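Residue-level structure breakdown
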Amino acid sequence: MKVNTNRVKLLISAVHKTQYPNTSMPEIALVGRSNVGKSSMINKVLNRKSLARVSGTPGKTVTINFYDVDNQLMLVDLPGYGYAARSKGEVESWGKMINDYLEGRPQLCQVVQLVDSRHKPSKEDVAMQEWIQEYCAYSVVFATKSDKLSKKQLAESLDLIADTLSLRDGDVLIPFSVKDNESVTNFWDYVEGCVLDDEEEPEV
């Protein structure tokens, strides 16, 4: 599968499973802590400047956003977790929203986790990774904001992330920077591989 990012649209922003789009396209969900740079990453990989709204306020996204990519793939932006300033009720509501999607959406074929390359993964990151390892055949993790580290610092950070998240052989851990077009190539190389048609063989 090769997708055309010139044909992208926000299909719907949902707060309840009854609002999920009635489509059969495979879905790739992006999940990470608030302020991990998820909206910036979505805009970068979809070649848009402001399709996903970037806010200076962590935890701004309170909906599940479904992006139709070339009528072939749905990129799903899940609400950020771990923002301490939110009330207990809001945190519980968001947790249920995420769980309802992750556990009840048959179109979901891969969960892509985003972590901040500058910091050790949080306990929320570890908990999410444990869920991914239970439900997905392998893990795909992107370490965002990698341009803010030196090569040596980034290498050390990737080792720490892999160790903290208990990544396994076959799992994928890739640095990502919105300033680097190679990051976009890496993203699509792995994401498209998750949704190859059964009759197609992945490229070597």
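Keep in mind it's a predicted model, so treat the numbers as computed, not measured.

Our next topic: the overall build of the protein chain. Along the backbone of the protein chain there are 5 helices and 7 strands. When its helices and strands are written in sequence order, the protein chain yields β-β-α-β-β-α-β-α-β-α-β-α. When the 204 residues of the protein chain are sorted by exposure, 47% land in the buried category. For the protein chain, restricting intrachain contacts to residue pairs at least 6 apart in sequence, the fraction spanning at least 24 positions comes to 76%.

Even without a glycine there, the phi angle at asparagine 35 is positive, about 70 degrees. Examined against the element boundaries, asparagine 35 turns out to sit in the loop between β2 (27-32) and α1 (38-45).

What follows is about the pattern of salt bridges. For the structure on display, the rule yields 10 salt bridges. Aspartate 116 is the salt-bridge partner of arginine 118, the closest N and O atoms lying 2.8 Å from each other. Under the relative-accessibility criterion, arginine 118 is labelled partly exposed at 36%. A network of salt bridges, in which partner residues are shared, links Asp116, Arg118 and Lys145.

Aromatic ring pairs are reported here in terms of the distance separating the ring centres and the angle at which the planes meet. Scanning all chains against the criterion turns up 7 aromatic pairs. For the pair tyrosine 20 and phenylalanine 66, a centre-to-centre distance of 5.6 Å together with 50 degrees between the ring planes defines the contact as tilted. A residue pair is termed long-range when its members are at least 10 positions apart, and tyrosine 20 in the loop between β1 (8-14) and β2 and phenylalanine 66 in strand β3 (residues 64-69) qualify at 46 residues. The class for phenylalanine 66 is buried, based on a relative accessible area of 0%. For the ring pair tyrosine 20 and tyrosine 101, a centre distance of 5.8 Å and an interplane angle of 85 degrees mean the geometry is edge-to-face. Residue tyrosine 20 is located in the loop between β1 and β2, and its partner tyrosine 101 is located in helix α2 (residues 88-104); the two are separated by 81 residues in the primary sequence. Under the relative-accessibility criterion, tyrosine 101 is labelled buried at 0%.

Quick notes on the rules
- Residues numbered from 1 in each chain as written.
- Predicted model: local features only at pLDDT ≥ 70, side-chain atom pairs only at ≥ 80, totals over all residues.
- Heavy atoms only, no water.
- Helix = DSSP H or I, 4+ residues; strand = E, 2+ residues; numbered from the N terminus.
- Buried < 20%, exposed > 50% of the residue type's maximum accessible area, 1.4 Å probe, protein only.
- Contact = heavy atoms within 4.5 Å.
- Salt bridge = Lys/Arg side-chain N within 4 Å of Asp/Glu carboxyl O.
- Phe/Tyr/Trp six-rings, centres within 6.5 Å; stacked < 30°, edge-to-face > 60°.

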